[in-house]
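What the coordinates show
Given next are the chains, with one letter for each unit.
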Amino acid sequence: MNPEIGHGVYATEFIPKGTIVWVMDPLDRTLSPDEVKCYPSDLRERMLKYCFRNNRGHYVLCWDHNRYVNHSFDSNCILTPYQLELAVRDIQPGEELTDDYGYLNIIEPFDAFDEGHARKTVFPDDLTRHHPEWDRKLNSAYDRLGEVEQPLRGLLGDEDWDALLHICNGKSAARSIRDCFFGPA
């Protein structure tokens, strides 16, 4: 993208709301904090730039392009407690895919690129404050899950897919994104 922001991920075709855009798969690495400490500092710093932390405080290093998804306070993709991300609105060809780093369990707060949004800083505990908004967006996307083509469906087991369809069809309630939070309650 540019030297300040770095890389980015852009849609090459239309991605409808409700599309699974990332799935935690066997090639993604999950590293404990102790494992991370064993890396030399320069390698650890580069690695952590592309990691997020799960609800256990372990670092997830995606092997695919998901590690290049940039932050936006008005993200078009949102992480779920089901180890996948959903498009929470239609994404047009050429549009950048974005996450709000507030739900990725960052360690240190940072001032984000100014998008004209009321929020200016991403905090480690943003999930504790903003989960109702993100849950609303996710619930709206879950409703479309069964209606849209799912190119990443093959990365989900049948049990996981059936659980998502139960949410989509109103047979069970979705877990809150708050379940992704790592930190004090």
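Below: a short report on this structure. (Residues numbered from 1 in each chain as written. Predicted model: local features only at pLDDT ≥ 70, side-chain atom pairs only at ≥ 80, totals over all residues. Heavy atoms only, no water.)

Details of the sheet that holds strand 7 (residues 84-87)
Taken together, the three strands give an open sheet; going across it, the order is 1-7-6, and neighbouring strands pair in antiparallel fashion. On the outer flanks of this sheet lie strand 1 (20-23) and strand 6 (77-79), each paired with one strand and no other. Mean inter-strand twist for the sheet, computed between neighbouring axes without regard to direction, equals 20 degrees. Of the strand pairs in this sheet, strand 1 and strand 7 are connected by three bridges, and their pairing is antiparallel. Looking across to strand 7, one finds that Trp22 is bridged to Glu85. (Pairing = 2+ DSSP bridges. Helix = DSSP H or I, 4+ residues; strand = E, 2+ residues; numbered from the N terminus. Axes fitted to C-alpha atoms, helices over the stretch in contact; angles between N-to-C directions.)

Re the environment of Leu48
Structurally, Leu48 is set in helix 2 (residues 41-49). Leu48 sits twelve residues away from Val60 along the chain, and the two C-alpha atoms are 9.1 Å apart.

Thoughts on the sheet that holds strand 3 (residues 51-53)
Ordered by their spatial adjacency, three strands build an open sheet running 2-4-3, and the pairing between neighbours is antiparallel. Each edge of the sheet is formed by a strand with only one pairing partner; in this case those strands are strand 2 (29-31) and strand 3. Averaged over all pairs of adjacent strands, the angle between their axes in this sheet comes to 30 degrees, without regard to strand direction. Against the sheet, helix 2 makes contact with strand 2, strand 3 and strand 4 (59-61), and its axis sits at roughly 70 degrees relative to strand 3, the strand it touches most. (Contact = heavy atoms within 4.5 Å.)

Read these as geometric descriptors, not functional statements.
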